[in-house]
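Examining the three-dimensional arrangement
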Amino acid sequence: MDVLALLVDGFATSISPLNLLIVLIGVTVGIFIGAMPGLGSVNGVAIVLPLTFIVPPTSAIILLAAIYYGAMYGGAISSILLGIPGASTAVATTFDGRPMAQKGEAGLALIVAAVASFIGGTISVVLFTVFAVPLADMALAFGPAEEFALVLLAFTTFVGLGGDDILKTIVMICLGLVLSTVGLDIISGEPRLIFGDMPGFYSGISFLVLAIGVYGVGEVLYTIETSRNAPMVTPARLTFSELRAGLSKMTRMWRTMSLGSVLGFFVGILPAAGATPAALMSYGVAKSISKRPDSFGRGNPEGVAAPETANNAASTGSLLPMLTLGIPGSPTTALLLGGMVMWGLTPGPMLFVEQKEFVWGLISSLYTANVAAVLVNIALIPVFVWALRMPFTVLCAMVLVLCIVGGYAPDQRMHDVWMIAGFGVAGYVLRKADYPLAPLVLALVLGPLMEKSFRQTMIAEHGDLTVFVDRPISAVFMAISLLLFSLPLIRLLRRSRARASNPAPAE
């Protein structure tokens, strides 16, 4: 009852006219920021952070949280319409969102993304409200060994799900892990894989550069070859009847969205994990439990719903360690943490005691921001779908410009532009050769976390590998990983036995 009373007091703060206006402005700005390749929630919050001193601290954090929420919604827009992830959190949405748009179901894909984001955000905020302190204690139990086992589980999920060629999937994971090691060694600081002492490689290969290259430029090159006179995506319409049909389809995805929400929230509260691995893992889980796993990657709406519920749930979950422990769960929450310090607030357990109005005003604003984001997103879907009616020549040129600008803007280096061009050609060749791109992107995103956690564990345990099975949580993750990795072999043995028991009739 105390939690309900505090939440009611928080709503008294969050639904004030000023804060409601701030929420609407924040989610609208966030949606457009998230939809722009190369920006994302980190850039949006960083740009707006200096402006927050003109409002009280509670209103300031509500504004930044609303931008964060809106960007989570907006990341799906460019992933679906252009095949370019607006941010790393929306990469998994591209896998099925893009094929849906190409089949003329862009409106449906955007509806699924918006509603799934709302469901994921709502479930995660409820979990946040009820289980804040216990979940923070659980997150503290995760050490480097558990982090390594969790990342390994994400990789084996892709291997064990079937659909793609298993050998090609493993090759792409290994290639992504190699690319993730480019730059300075995390322990010794020595440069490695810098290709002839090229300065641009000292800072490593940015995920954004790889994603824009393989999914943006590579997609344009492939489309130019396969559809010279056709639009990049089939033009789509959006009517109220289609909206109702889309919402009715969502009711059949309740299991996928529920699992994605819970998984996303728990992964989100882990420091350094964040929404990207949560979305990729949720996509993998949805594919593994689906009755039609082969339809994933070809325009299955569940392939859009799963990552969108997870990345929005994870964005809420990442706020939990920031508020209760002072440990940011993602790069965006690290900026929010810096903002709180600038406003004279000290994150940690005492924040819930000394600054109740601030904390519960923020928590209640997540409810209002979630509602505002889904309403604004659905209201703007006709605008997004209208973009599909552009001629192919115009849309193709715009996509290339967005790719170049989006890749150049974060660090403003021509090195990144050349890398985008190189990855674009590589993405085109890999797609022609039928190599899956998702494992490559996953490995580049999670590779640094995997290396860091493994090396930290080995240093702490003096090279003893048994630590991964001695610790209960990591042992469970390792066991599941082993099972998933064995699934392709099990399926192969079953098919061999089936052929042996039912030999083909002799001609």
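The shown structure was predicted, so the numbers you read here are calculated from the model rather than taken from an experiment.

1. Things to note about the confidence of the model for the protein
Summary statistics for the protein give a mean pLDDT of 77 and a share of 80% for residues scoring 70 or more. Mean pLDDT per element in the protein: helix H3 (residues 40-48) is the minimum at 67, and helix H19 (residues 414-432) is the maximum at 87. Every residue in residues 229-236 is under pLDDT 50, and counting partners more than four places away or in other chains gives 28 contacts.

2. Focus on the packing of helix H5 (residues 91-102) against helix H12 (residues 275-289)
Between H5 and H12, the shortest axis-to-axis distance is 7 Å and the interhelical angle comes to 40°. Classified by the angle between their axes, H5 and H12 sit oblique to one another. Two secondary-structure elements touch here, H5 through Val91, Ala92, Phe95 and Asp96 and H12 through Ala279, Leu280 and Tyr283. Taken together, the residues that form the contact of H5 with H12 break down as six nonpolar, no polar and one charged.

3. Brief notes about the pattern of salt bridges
For the structure shown, the criterion picks out six salt bridges. Residue Asp185 pairs with Arg192 through a salt bridge whose shortest N-O separation is 3.1 Å. Judged by its relative accessible area of 13%, Asp185 is buried. Notably, a salt bridge pairs Asp185 with Arg455, separated by 2.8 Å at the nearest N-O pair. Taken together, the positions of Asp185 in the loop between strand E1 (183-184) and strand E2 (191-192) and Arg455 in helix H20 (residues 438-460) put the pair 270 residues apart, joining distant regions of the chain. Overall, the relative accessible area of 24% leaves Arg455 in the partly exposed class. If you follow the salt bridges from partner to partner, you end up with Asp185, Arg192, Glu451 and Arg455 in one network.

4. Details of unusual backbone geometry
Positive phi is not limited to glycine here, since Asp434 has a value of about 65°. Among the structural elements, Asp434 can be located in the loop between H19 and H20. Residues other than glycine seldom take positive phi values, yet His462 does so here, at roughly 55°. Given the relative accessible area of 75%, His462 is considered exposed.

5. A word on the packing of helix H4 (residues 57-81) against helix H13 (residues 302-317)
Helix-helix packing is characterised by the crossing angle of the two axes and by the distance between the axes. Running from amino to carboxyl end, H4 crosses H13 at an angle of 155°, the nearest separation of the two axes being 9 Å. By the criterion of interaxial angle, the relationship of H4 to H13 is roughly antiparallel. The way H4 lies across H13 gives a crossing that is right-handed. Residues Tyr68, Tyr69, Met72, Tyr73, Ala76 and Ile80 of H4 form the contact with H13, whose participating residues are Val304, Glu308, Asn311, Asn312, Ser315 and Thr316. By residue class, the composition of the contact of H4 with H13 is seven nonpolar, four polar and one charged.

Calculation criteria
- Residues numbered from 1 in each chain as written.
- Predicted model: local features only at pLDDT ≥ 70, side-chain atom pairs only at ≥ 80, totals over all residues.
- Heavy atoms only, no water.
- pLDDT = per-residue confidence, 0-100.
- Helix = DSSP H or I, 4+ residues; strand = E, 2+ residues; numbered from the N terminus.
- Contact = heavy atoms within 4.5 Å.
- Axes fitted to C-alpha atoms, helices over the stretch in contact; angles between N-to-C directions.
- Parallel < 35°, antiparallel > 145°, perpendicular 65-115°, else oblique.
- Nonpolar A, V, L, I, M, F, W, Y, C, P; charged D, E, K, R; others polar.
- Salt bridge = Lys/Arg side-chain N within 4 Å of Asp/Glu carboxyl O.
- Buried < 20%, exposed > 50% of the residue type's maximum accessible area, 1.4 Å probe, protein only.
- Left-handed = near helix turned anticlockwise from the far one by under 90°.

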